[in-house]
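Analysis of the macromolecular model
What follows is each chain in one-letter form.
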Amino acid sequence: MPTTSMNIRLDSDLKREAQSLFSALGLDMSSAVNIFLRQALRQRGLPFEVKLDSPNAETLEALEEVRRMKENPALGKTYTDVDAMMKDLTA
């Protein structure tokens with residue numbers, strides 16, 4: 001099978017870390033990229049899920065708390081003075 005070259009630009013640290021990982025797996029960069037491309041063709045798309053990071057449970061709860069407070073402002077505490085707010089926050 002004839003071969004061809006491909007040049008790509010990537011972050012130096014990313015390249016170094018990937019080479020280290022692939023070496024531990026017994027692969028060189030060229031073999032790893034070939035595996036990736038073959039899997040992409042086989043799956044007719046990226047061979048892994050690509051999505052935005054999901055908020056963790058704590059963030060989801062904070063968002064829900066804000067939603068509840070917007071619906072019922074009596075649930076939250078309001079301030080007219082930044083110093084008073086900071087005093088409560090640091091207490």
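Please refer to the structure higher up on the page.
With that settled, consider the overall build of the chain. Along its length, the chain carries four helices and zero strands. Along the chain, from the amino end to the carboxyl end, the secondary structure elements read α-α-α-α. Relative to the 2.2 N^0.38 estimate, which gives 12 Å for 91 residues, the radius of gyration of the chain is 25 Å and therefore markedly larger than a compact globule would have. If you line up the chain on its principal axes, its C-alpha atoms span 75 × 30 × 25 Å. For the chain, with 91 residues in total, the buried portion stands at 4%. Only carbon and sulfur atoms are counted for the fraction: they give 56% of the accessible area of the chain, which is about 8,800 Å².

Right, let's get into the environment of Val-50. By the element assignment, Val-50 lies in the loop between helix H2 (29-43) and helix H3 (57-71). Under the relative-accessibility criterion, Val-50 is labelled exposed at 58%. Residues Val-50 and Gln-19, spaced 31 residues apart in sequence, show a C-alpha to C-alpha distance of 22 Å.

Our next topic: the pattern of salt bridges. Under the criterion given, the structure shown has six salt bridges. Where Asp-13 meets Arg-16, a salt bridge forms, and the shortest distance between an N and an O atom there is 2.8 Å. One end of the pair is Asp-13 and the other is Arg-16, both in helix H1 (residues 12-24) and three residues apart, which spans about a single turn. Of the charged contacts, one joins Arg-67 and Glu-71 as a salt bridge, the two residues approaching to 2.5 Å between their closest N and O atoms. Of the two residues, Arg-67 and Glu-71 both sit in helix H3, four residues apart, roughly one turn of that helix. Counted as one network, the salt bridges with shared partners bring together Glu-61, Glu-64, Arg-67, Arg-68 and Glu-71.

Since the α-helix turns once every 3.6 residues, residues separated by three or four places project in the same direction. Over its 15 residues, H2 extends 21 Å from the first C-alpha to the last, a length consistent with the 21 Å expected when each residue adds 1.5 Å. At the C-terminal side of H2, Arg-44 shows a positive phi close to 55°.

At Arg-44, a residue that is not glycine, the phi angle is positive and equals roughly 55°. With relative accessibility at 77%, the residue Arg-44 sits in the exposed group.

Within the element layout of this structure, Pro-47 appears in the loop between H2 and H3. For the pair Pro-47 and Leu-25, spaced 22 residues apart in sequence, the C-alpha separation works out to 18 Å. Not counting residues up to four positions away in its chain, the partners in contact with Pro-47 are Phe-36, Gln-39 and Ala-40.

Rules and cut-offs
- Residues numbered from 1 in each chain as written.
- Predicted model: local features only at pLDDT ≥ 70, side-chain atom pairs only at ≥ 80, totals over all residues.
- Heavy atoms only, no water.
- Helix = DSSP H or I, 4+ residues; strand = E, 2+ residues; numbered from the N terminus.
- Rg over C-alpha atoms; globule rule 2.2 N^0.38 Å.
- Buried < 20%, exposed > 50% of the residue type's maximum accessible area, 1.4 Å probe, protein only.
- Areas by Shrake-Rupley, 256 points an atom, 1.4 Å probe, with all protein chains shown as cover.
- Salt bridge = Lys/Arg side-chain N within 4 Å of Asp/Glu carboxyl O.
- Expected span 1.5 Å × (residues − 1).
- Contact = heavy atoms within 4.5 Å.

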